[in-house]
Amino acid sequence: MKHLPHLLKNELRALFISPATYIAAVLFLILMGWLYWRILLQFSLEPQDDLPSALFFQLFWLPVFFMVPLLTMKSLAEERRRGTLETLMTTPATGMEIVLSKFAAAYIFYCCLWLLTLGFPILANLSLNSPMMEDRLLDRATLFGGYLFVAISGLLFISVGIFASSLTRSQVVAGMLSFCLLFIITIGMRALHEEAVSWGPWLRETVDYMQIFRHLEEFSRGVIDTRPFFFYISNTALILGLSVIVVEAKA
Amino acid sequence: MNASGPNIEVHNLHKRFGQVSAVEDITFEVGKGQIMGFLGPNGAGKSTTMRILCGIIPATSGVARICGISVANHPNEVKRRIGYMPENNPLPDDMRVVEYLRYRGHLKEIPGRKLKQRVETVMELCDLRRRARRRVIGTLSKGYRQRVGIADAILAEPDVIVMDEPTIGLDPHQILAVRDLIDSFRGEMTVILSSHILAEIEVSCDCVIIINNGRLVATGSPVNLRTEFIHNTIYDLQLQGDLAALDPLLKSIHPDLTWAPSSDPDESGFYSLTIEVPQIENIGEEILLLLQRHAEYRVRALHAVEPSLEDIFLAATKRSWNESMPEKAVNPQATEPARPPVPHPTPPDRPG
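Worth saying up front: this structure is predicted, and the values here are computed from it rather than measured. (Residues numbered from 1 in each chain as written. Chains lettered and ligands numbered in written order. Predicted model: local features only at pLDDT ≥ 70, side-chain atom pairs only at ≥ 80, totals over all residues. Heavy atoms only, no water.)

Caption draft 1: Highlighting the overall build of chain A. The helix and strand inventory of chain A stands at 14 helices and zero strands. For chain A, the α and β elements follow one another from N to C terminus as α-α-α-α-α-α-α-α-α-α-α-α-α-α. The globule rule puts the C-alpha radius of gyration for 251 residues at 18 Å, and the 20 Å found for chain A is close to it. Expressed along its principal axes, the backbone C-alpha trace of chain A runs to roughly 60 × 50 × 30 Å. Residue pairs in contact within chain A that sit at least 24 positions apart in sequence constitute 75% of those at least 6 positions apart. Approximately 12,200 Å² of chain A is accessible, and the part contributed by carbon and sulfur atoms is 69%. (Helix = DSSP H or I, 4+ residues; strand = E, 2+ residues; numbered from the N terminus. Rg over C-alpha atoms; globule rule 2.2 N^0.38 Å. Contact = heavy atoms within 4.5 Å. Areas by Shrake-Rupley, 256 points an atom, 1.4 Å probe, with all protein chains shown as cover.)

Caption draft 2: Layout of the domain arrangement of chain B. Here chain B is partitioned into domain 1 (8–81 + 158–227) and domain 2 (231–304). Here the C-alpha centre of domain 2 of chain B lies 41 Å away from the C-alpha centre of domain 1 of chain B. (Domains from an automatic or database assignment.)

Caption draft 3: Just the packing of aromatic side chains, in detail. Residue and element names in this part refer to chain A. By the definition in use, this model includes 23 aromatic pairs over all chains. With a centroid separation of 6.0 Å and 50° between ring planes, the pair formed by Phe-149 and Phe-219 is classed as tilted. In this pair, Phe-149 is assigned in helix H10 (residues 140–167) and Phe-219 in helix H13 (residues 212–220), connecting sequence segments 70 residues apart. A residue is classified by how much of its surface remains accessible, and Phe-219, at 0% relative accessible area, is buried. With 5.4 Å between their ring centres and 75° between their planes, Tyr-209 and Phe-231 make a pair best called edge-to-face. One end of the pair, Tyr-209, is in helix H12 (residues 201–209); the other, Phe-231, is in helix H14 (residues 226–250), with 22 residues separating them in the sequence. (Phe/Tyr/Trp six-rings, centres within 6.5 Å; stacked < 30°, edge-to-face > 60°. Buried < 20%, exposed > 50% of the residue type's maximum accessible area, 1.4 Å probe, protein only.)

Caption draft 4: The arrangement of the layout of surface pockets in detail. The calculated volume of the largest pocket comes to roughly 870 Å³. As for the largest pocket, its lining consists of 36 residues, and the residues nearest its centre are A:Glu11, A:Ala14, A:Lys74, A:Glu78 and B:Asp94. The set of elements that each furnish at least two residues to the lining of the largest pocket consists of helix H1 (4–17), helix H2 (19–45), helix H4 (61–72), helix H5 (75–82), helix H6 (84–89) and helix H7 (95–116) of chain A together with helix H3 (97–107) of chain B. Looking at the lining of the largest pocket element by element, the count peaks at six residues for H1(A). Considered class by class, the residues forming the lining of the largest pocket number 18 nonpolar, eight polar and 10 charged. (1 Å grid on protein atoms, 1.4 Å probe; cavity = no way out; pocket = protein on both sides within 12 Å on 5 of 7 lines; lining within 4 Å. Points joined across faces, edges and corners; volume = space filled by probe spheres on them. Nonpolar A, V, L, I, M, F, W, Y, C, P; charged D, E, K, R; others polar.)

Caption draft 5: Fine view of the nonpolar core. With 114 residues, the main nonpolar core has A:Trp114 and B:Ile210 as its most contacted residues. Ranked by residue count, the leading element in this core is H10(A), at 12 residues. Within the second largest apolar cluster, 31 residues are counted, among which are B:Val10, B:Leu13, B:Met36 and B:Val71. (Core = buried A, V, L, I, M, F, W, Y, C linked by side-chain atoms within 4.5 Å.)

Caption draft 6: Structural view of a nonpolar patch on the surface. All names here are of chain A. Taken together, the side chains of Leu-192, Trp-199, Trp-202 and Leu-203 present a nonpolar region at the surface, about 420 Å² in accessible area. As for its position among the elements, Leu-192 is in helix H11 (residues 171–195). Since its relative accessible area comes to 31%, Leu-192 is described here as partly exposed. (Patch = residues over 30% accessible without salt bridge, like charges linked within 9 Å, V, L, I, M, F, W, Y side chains within 5 Å. Salt bridge = Lys/Arg side-chain N within 4 Å of Asp/Glu carboxyl O.)

Caption draft 7: Focus on the interface of chain B and chain A. With 21 residues of chain B at the interface, the matching set in chain A holds 21 residues. Taken over both partners, the interface formed by chain B and chain A buries close to 2,000 Å², and the fraction arising from carbon and sulfur atoms is 56%. Interface area lost by chain B to chain A is led by B:Lys79, B:Tyr103 and B:Leu107, which between them contribute 27%. Here A:Arg13 ties to B:Asp94 by a salt bridge, and the two come within 3.9 Å at their closest N and O atoms. Inspection of the region where chain B meets chain A yields nine residue pairs in polar contact (both at pLDDT 80 or more). Ranked by the residues each element gives to the side of chain B that touches chain A, the list is headed by H3(B), at five residues. A breakdown of the residues in the side of chain B that touches chain A according to their chemical character gives 10 nonpolar, two polar and nine charged. (Buried area = accessible area lost by both parts, 1.4 Å probe. Polar contact = N/O pair within 3.5 Å; in protein donor to acceptor, adjacent residues only side chain to side chain.)

Caption draft 8: Summary view of the pairing of strand E6 (residues 82–85) of chain B. Residue and element names in this part refer to chain B. Every second residue of E6 is oriented toward a common face, with Ile-82 and Tyr-84 on one face and Gly-83 and Met-85 on the other, all of them buried. Examined bridge by bridge, E6 and strand E7 (residues 160–164) share four bridges and lie parallel to one another. Residue pairing in the sheet places Met-85 in a bridge with Met-163 of E7. (Pairing = 2+ DSSP bridges.)

Caption draft 9: Region of interest: H5(A). Here H5(A) lies mainly inside the structure; six of its eight residues are buried. Remark: A:Gly83 follows H5(A) within two positions and exhibits a positive phi of approximately 90°.

Caption draft 10: Highlighting the confidence of the model for chain B. All names here are of chain B. When pLDDT is averaged across chain B, the result is 81; 89% of the residues are at 70 or more. Mean pLDDT across the elements of chain B bottoms out in helix H12 (residues 326–330) (45) and peaks in H3 (93). Within the model, the stretch residues 327–352 combines pLDDT values under 50 with 27 contacts to residues more than four positions away or in other chains. Taken over the whole predicted complex, pTM reads 0.81, whereas the ipTM for its chain interfaces reads 0.87. (pLDDT = per-residue confidence, 0-100.)

Caption draft 11: Inspection of the packing of H7(A) against H10(A) at higher detail. All names here are of chain A. At a closest axis distance of 9 Å, the pairing of H7 and H10 adopts a crossing angle of 140°. Our classification of the angle between H7 and H10 gives oblique. Remark: the crossing between H7 and H10 carries right-handed chirality. On the side of H7, the interface is formed by Val-99, Lys-102, Phe-103, Ala-106, Tyr-107, Tyr-110 and Trp-114, while H10 contributes Tyr-147, Val-150, Ala-151, Ile-152, Gly-154, Leu-155, Phe-157, Ile-158, Ser-159 and Ile-162. For the contact of H7 with H10, the per-class residue count stands at 14 nonpolar, two polar and one charged. (Axes fitted to C-alpha atoms, helices over the stretch in contact; angles between N-to-C directions. Parallel < 35°, antiparallel > 145°, perpendicular 65-115°, else oblique. Left-handed = near helix turned anticlockwise from the far one by under 90°.)

Caption draft 12: Quick look at the sheet that holds strand E14 (residues 298–305) of chain B. Residue and element names in this part refer to chain B. The strand order across the open sheet formed by four strands is E12-E13-E11-E14, and the pairing between neighbours is antiparallel. Single-partner strands in this sheet number two, and they are strand E12 (258–261) and E14. Adjacent strand axes in the sheet meet at a mean angle of 20° when their direction is disregarded. In terms of strand pairing, strand E11 (residues 233–240) meets E14 through seven bridges, oriented antiparallel. Within E14, the position partnered with Leu-239 by the bridge is Val-299. Here helix H10 (residues 284–293) sits on the sheet in contact with E11, strand E13 (271–277) and E14, set at roughly 170° to E14.

Caption draft 13: Looking closely at the environment of A:Phe28. Residues and elements named next belong to chain A. Tracing the sequence through the fold places Phe-28 in helix H2. Spatially, the C-alpha atom of Phe-28 lies 30 Å from that of Val-246, the residues being 218 residues apart in sequence. Discounting residues that sit within four places of it in the chain, Phe-28 has contacts with Pro-63, Phe-66, Met-67, Leu-113, Trp-114 and Thr-117.

This is the structure we're talking about:
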């Protein structure tokens, strides 16, 4: 693992000097800012059951679907296409270090982007300047739970993107593949849950366990359960492990 | 690591991609400090063998050892002893030369205090220090990119350097510069370089391995290969006089001698003749003495044509085709056989 800091530093450097990164960040913040503004607008029109931040986090899947493929599609596919993956594999750096560096760089960037959205409730609070609204806008439990959910679910989403990128040398194919996989594990699992009502208890519980939207609800209420942690971390490890195998076998 | 044994050992190496056999039963050894040329037509299995040696792809069967360490069992240990420059030399376009070399140095585990000085040394060696040091790799010319690739390969002072087509796409000046650079490694590092440019291998390499269709065709120094594959002696003669009467005269030197004028006479009436004797024998003096005795012939020049590596390569690959397709010889009435993947080698035109 001694090569990981150097690989990661190089990945982050490449990320932060690339104009595409800033374009993606600006697009993300415009979209998320607009969504937050719509939520506040709705809040001003009629009373809502949930807090604005809780509603905001319920839309987490929207940026996941386009940001995660954009962030990860380039990572291994581009290296493979250019042939630089081959030169990397001839250094003592291992496949695991290479995959982990790509993963960590994309994950750090993903988390940074989400952290920037913390500015929305703070700005809204500053402009409204009312103590009553402060409790609602900056509800600690919701914000902490929501960001914790984003951070922990991000592990899985980014690893899926990295895996898709490891399978092909075309960025477009990697992007489409990661979009489809993310769609299946979020929306697909939700649809499966509705179907699973009539299935046996064993299967129903398994599908129930994999409900990403359910995890979000719990986290936004401030309920921090260890089971989702186990779900995301174990699956991330599994998918990254598969990516390492693919990189080592196909280099 | 074995200090005295060969730096590269390959025994009965096989590599199959599905049904296709890319490398078949290749065995060779390269000693410490030697420069070895890997020669073969496109698709012969050069790159595959090199990639196996570097631990990028596993062999189907056989043994490959670098400095006595098995590539299959200890790939990471081997990677510390090898510098590899792949075909087409892929480099990241968005990094500066010095940044890239430092990054690669870190990955190759060069200690921090030594790294800076080592990067400066390889940049000096590869003539990158003054003009290309701070330039972004994407803006460099092909020649400079190639130098960056070589600088990277030698950065960690590896025992073995593997270069896949290091001079491809370079202009003659750059080829000379790269060749000098490779020459300077002689005695210190073991170098394997592949090429299908024969002249380049002949100039730079101590020993040559010729492979064709994944099979080892010939191995040895260019001199040894000459004696193995070239069984005739060729002379170029420039002569004025009656060619019709020349045949019996020349045949008197050697009964199996053949000759042919390779051009019409030039302005001063001199013909260019190619004389071939089917054995290794110096008959230059006899030809000169004979023609001196006959005053009607005037000789302007006579020289022995040294068989080039190209001739050896063609002879060797031709032999390997013949060995790999014996059914052709058995059944001459059969319809035209399927063409081999590369055109069947034909003897080159002799210089006139």
